[in-house]
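Each chain, written out:
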Amino acid sequence: QAQLRQRKGRPLAPRMSPCIGAMVANRHRQQVASGARSRMWRRAMGGQRWAAKVCVWAVLGAALLGAARVALGASGEFVGRPAPTLQSSAFVGGCTERGPHPAASLRGARQAAADRQRMKRRAGKPEVNYAMDEEGSRASPGSERAAQWWADNAQAGEEAAFDQTRLVEFVLGRPFEVIQRVLETVCVAAGMWWAWKAASPPSSDQDTGTTYSASLDRSTASSERGEVLRAGLQNMGVFFVKLGQTAAQRPDIVGDEIAEELKGMQERNTPFSDEVALRIVAEDLQWRGPLAPGVLWDGCPEPEGSPLLAELDAKHVASASLGQVYRGRMHDGREVALKVQRPGVQPALSLDWAVALLGARTYTTVMGSANDYGAIVDTVARGVRMELDYHNEAANAEEFATRHAFLPFVSSPGIVPELMGPRGRSRILAMNWYPSRAPRDVPVGERRAMVEKAVEACIVQLLVTGYVHADPHEGNLRVGDDGRVVFLDFGLMDRMDFGLMEKCSEGVRHVLNKDWLQLSRVFQDVRFTPTPMMRNTAYGKSRKPNYEPCTLEEFAEEVGIQLEAEAGGQSRFGAMATALKTLSSRYLMLTPPFVALLSRTFLTLEGLLGDDPVLAKEYNVYRVALPFALRRLFSPRTKRGKTFLRETLLRNPASKRPLPNWTALSGLLASSSAPSAPGPGSA
């Protein structure tokens, strides 16, 4: 206004009334103040944008940390000292009240109060220890090889993976990847459930007279619901694929329709590109020429060079959960099978482990379970991780063949090391091609003989050698042209402690003798049940259990009633698992980590018996196992097993001149000569 007045020749400061002057001054002050506020706001906005970003990151981190705290049992102690787990507790069963940690005073009164609150919440909750005592356990031969492998082959990118005590460290190192994987898994599972419920089931006309068979041949056409189910499990990761392969043989657990739809996952998983597989072969073997005459891989720099093999089928012959198999012939005439690892499996495994562990811990916390399901997740994840090392699988195959060479009806293909990639990084497993047929391609009589041989071979693995094939679905079992049962895929193996083998042998005897009290004591020794036995007093009243001690005799009586009422309760391992699952609502049942792979073995094999109604009705697994159980009991390796044998066969074993207990010895011999189902020898 002053400049305008000056240009017009007017005085710079016109006379104005005191009232108007006050109004102008007040307006000027308001404009100055408003401009200052605007400048302050603009300056503050830049800082607020930065602060908003910080807040978003803080909220995401707090949400992730809170979820992890819930999944980890709200221990809150992530650094410096691992959170207390069920394995670290020396108490077995019962209720315990533990005071604050001795170092609580050093962390201040506030942290000590938090410790006291946490211990108060945990008071009254039974805690278990899965480890067997020293006198009743002894590691089986070869266990040190697995431990040494894990010590040598843990990669830098997954140093915190497959160890539940380092879950938070792993999650915080890659929070968005874990969140994304959790959301993907939840969305796929929800979509799978919705599609299964929304899609119409097969009409009654289509499945009239259809009964479930444990073979790979479907008795009905594949449905839309089944396609969604199989695709969803494959998208969720290798954990769920392995679960689906096992569930395919257990219609008594998941239902006939689901088991029928899952059968295709055992041998016919969704394949990946053959061009990608051929390029992996060339890269791992550092081969610049063609893989075989007329078989060029994508990007081959020397198409006119010498071929790697004399023959190679460029189309896969089988597609599994972790790889695909190709058939070829070497220049010396040997036929080989090349298993090529599926791309992207290894990086996703650690994320699948984190998702499964978060789910297991959340379930344990919400349901108030005393079991440490995280230990089972660790066991399975470590097994699958070792399965991805093809040099380790080759060593497993050679050890399996050596340990079971005394069984004339069992065989496995040999390894071809010159066609494998670098140690620790090989994505190719080369084995001799074993002339054989799939179980679905043989007559019922030969199939029955194959199932009997496979079951007896796994019983030997459980009670004699302690080296158990943990993935014996029908995709990994073949009927050799020489009449033997051929085991394939030795990536997922399990080792049995000598103490477990001896206790399982005792359990076989007690089931056949219907000695439920002694069987219940075996359950305690192998940590299927706690000591003392715990009964759920809230059964039928509340979802959250409340355990109180009870007598072992009471539990033994319930075990006998349940096993005698269960179909196959005295002839099937799987029926016993079902009976114990039924009792778990009334009594505290534990799940030691070794059960994860072992139960998979026998649940899968016993599911094969369902293909033959006569065999399923007459075949008694316990009677077939009895001779091997007695062999283990008569050759104990643990201190407790030796003491048990002396007390069984001798009267007054502590005296200087103990006398033979002929009654006990004759009872053992009589039980071993009891009539049994036809075995592989008779077949």
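Residues numbered from 1 in each chain as written. Predicted model: local features only at pLDDT ≥ 70, side-chain atom pairs only at ≥ 80, totals over all residues. Heavy atoms only, no water.

Draft legend 1. Quick look at the overall build of the protein. Along its length, the protein carries 24 helices and 15 strands. Taken across its 683 residues, the protein has 47% of its residues classed as buried. Partitioning the contacts of the protein with sequence separation of at least 6, the portion at a separation of at least 24 is 71%. Entry remark: accessible area of the protein is about 34000 Å², with carbon and sulfur atoms responsible for 57%. (Helix = DSSP H or I, 4+ residues; strand = E, 2+ residues; numbered from the N terminus. Buried < 20%, exposed > 50% of the residue type's maximum accessible area, 1.4 Å probe, protein only. Contact = heavy atoms within 4.5 Å. Areas by Shrake-Rupley, 256 points an atom, 1.4 Å probe, with all protein chains shown as cover.)

Draft legend 2. Just the packing of helix α6 (residues 175-198) against helix α12 (residues 345-367), in detail. Between α6 and α12, the shortest axis-to-axis distance is 9 Å and the interhelical angle comes to 70°. Between α6 and α12, the angle falls in the class roughly perpendicular. In this structure, the crossing between α6 and α12 has a hand that is right-handed. Here Glu177, Val178, Arg181, Val182 and Thr185 of α6 come into contact with α12, specifically with Leu351, Asp352, Val355 and Leu358. The residue makeup of the contact of α6 with α12, split by class, is five nonpolar, one polar and three charged. (Axes fitted to C-alpha atoms, helices over the stretch in contact; angles between N-to-C directions. Parallel < 35°, antiparallel > 145°, perpendicular 65-115°, else oblique. Left-handed = near helix turned anticlockwise from the far one by under 90°. Nonpolar A, V, L, I, M, F, W, Y, C, P; charged D, E, K, R; others polar.)

Draft legend 3. Here's a closer look at the pattern of salt bridges. Per the counting criterion, the structure on display carries 25 salt bridges. Salt-bridge contacts for Asp274 lead to Lys315; the nearest nitrogen and oxygen are separated by 3.8 Å. Taken together, the positions of Asp274 in helix α11 (residues 274-285) and Lys315 in the loop between β1 (311-312) and β2 (318-319) put the pair 41 residues apart, joining distant regions of the chain. Judged by relative accessible area, Asp274 falls into the buried class, the value being 12%. (Salt bridge = Lys/Arg side-chain N within 4 Å of Asp/Glu carboxyl O.)

Draft legend 4. Expanded view of the sheet that holds strand β7 (residues 436-437). Reading across from one edge, β5-β10-β9-β7 is the order of the four strands in this open sheet, with mixed pairing throughout. The sheet is open, and its two borders are formed by β5 (410-411) and β7, each paired with just one other strand. (Pairing = 2+ DSSP bridges.)

Draft legend 5. Layout of the pairing of strand β6 (residues 428-432). Among the five residues of β6, four are classified as buried, and the element is accordingly described as predominantly covered. Bridge count for strand β4 (residues 335-341) against β6 is five bridges, and the pairing is antiparallel. Bridged to Lys339 within β6 is Leu429.

Draft legend 6. Structural context of helix α18 (residues 552-565). Over its 14 residues, α18 runs 20 Å from end to end, which matches the ideal 20 Å to within 8%, given 1.5 Å per residue. Within the span of α18, buried status applies to Leu552, Phe555, Ala556, Val559, Gly560, Gln562 and Leu563. Close packing links the buried residues of α18 with α17 (516-525) and α19 (573-583). (Expected span 1.5 Å × (residues − 1).)

Draft legend 7. Molecular detail of the side chain of Thr185. Note on placement: Thr185 falls in helix α6. Within polar-contact distance, the side chain of Thr185 engages the backbone oxygen of Arg181 at 2.8 Å. With residues up to four places along the chain from it excluded, the contact list for Thr185 reads Met236, Phe240 and Val355. (Polar contact = N/O pair within 3.5 Å; in protein donor to acceptor, adjacent residues only side chain to side chain.)

Draft legend 8. Expanded view of the nonpolar core. Counting residues in each nonpolar core, the largest one holds 95 residues, and the members touching the most others are Leu291, Leu312, Leu419, Ile459, Phe487 and Phe555. Not counting residues up to four positions away in its chain, the partners in contact with Leu419 are Leu285, Leu308, Leu309, Met330, Val336, Leu338, Ile428 and Ala430. If you look at the next biggest cluster of nonpolar residues, it comprises 27 residues, including Trp150, Leu351, Ala354 and Ile376. (Core = buried A, V, L, I, M, F, W, Y, C linked by side-chain atoms within 4.5 Å.)

Draft legend 9. Main features of the packing of aromatic side chains. Under the definition given, this model contains seven aromatic pairs. Ring plane angle 80° and centroid distance 5.4 Å describe the contact between Phe170 and Trp353, whose orientation is recorded as edge-to-face. One end of the pair, Phe170, is in helix α5 (residues 167-173); the other, Trp353, is in helix α12, with 183 residues separating them in the sequence. Arranged with centres 5.4 Å apart and planes meeting at 55°, the rings of Phe400 and Phe487 form a pair that is tilted. Remark: Phe487 occurs in strand β10 (residues 485-487) and Phe400 occurs in helix α14 (residues 390-403); sequence separation between them is 87 residues. For the pair shown, Phe400 and Phe487 are each scored as buried. Ring pairing ties together the aromatic residues Phe162, Phe170 and Trp353, which thus form one cluster. Geometry around Phe170 places Arg174 over its ring, the cationic atom sitting 4.1 Å from the centre. Above the face of the Phe406 ring, Arg631 is positioned so that its terminal group lies 5.7 Å from the ring centre. (Phe/Tyr/Trp six-rings, centres within 6.5 Å; stacked < 30°, edge-to-face > 60°. Lys NZ or Arg CZ within 6 Å of the ring centre and 35° of its normal.)

Draft legend 10. Layout of the environment of Ser411. As for its position among the elements, Ser411 is in strand β5. For Ser411, a relative accessible area of 12% translates into the label buried. In this structure the C-alpha to C-alpha distance between Ser411 and Gly480, which are 69 residues apart in sequence, comes to 8.4 Å. Ignoring sequence-local partners within four residues, the contact set of Ser411 consists of Tyr434, Arg484, Val485, Val486 and Phe487.

Draft legend 11. Expanded view of a positive patch on the surface. A grouping of Arg138, Arg637, Lys639 and Lys642 is seen on the molecular surface, where their side chains present a positively charged patch. Checked against the element boundaries, Lys639 lands in helix α23 (residues 639-649). For Lys639, a relative accessible area of 60% corresponds to the exposed category. (Patch = residues over 30% accessible without salt bridge, like charges linked within 9 Å, V, L, I, M, F, W, Y side chains within 5 Å. Lys, Arg positive; Asp, Glu negative; His and termini not counted. Charge placed at Lys NZ, Arg CZ, Asp CG, Glu CD.)

Draft legend 12. Seen up close, the confidence of the model for the protein. Chain-level pLDDT for the protein is 74 on average; 68% of the residues reach the 70-or-more range. Across residues 12-16 the pLDDT falls below 50, and counting only partners more than four positions away or on other chains, this stretch makes five contacts in the model. (pLDDT = per-residue confidence, 0-100.)

Draft legend 13. Structural context of unusual backbone geometry. Across the junction of Thr531 and Pro532, the peptide omega takes the value 0°, indicating a cis bond. With respect to the helices and strands, Pro532 occurs in the loop between α17 and β12 (534-536). Its identity is not glycine, yet Gln286 carries a phi of approximately 55°, on the positive side. Mapped onto the elements, Gln286 comes out in the loop between α11 and β1. Despite not being glycine, Arg527 shows a phi value in the positive range, around 70°. Looking at the element boundaries, Arg527 is found in the loop between α17 and β12. The exposure class of Arg527 is buried, given its relative accessible area of 10%.

Draft legend 14. Expanded view of the environment of Glu557. By secondary structure assignment, the location of Glu557 is in helix α18. Judged by relative accessible area, which is 54%, Glu557 ranks as exposed. It is 7.0 Å that separates the C-alpha atoms of Glu557 and Trp516, two residues lying 41 residues apart in sequence.

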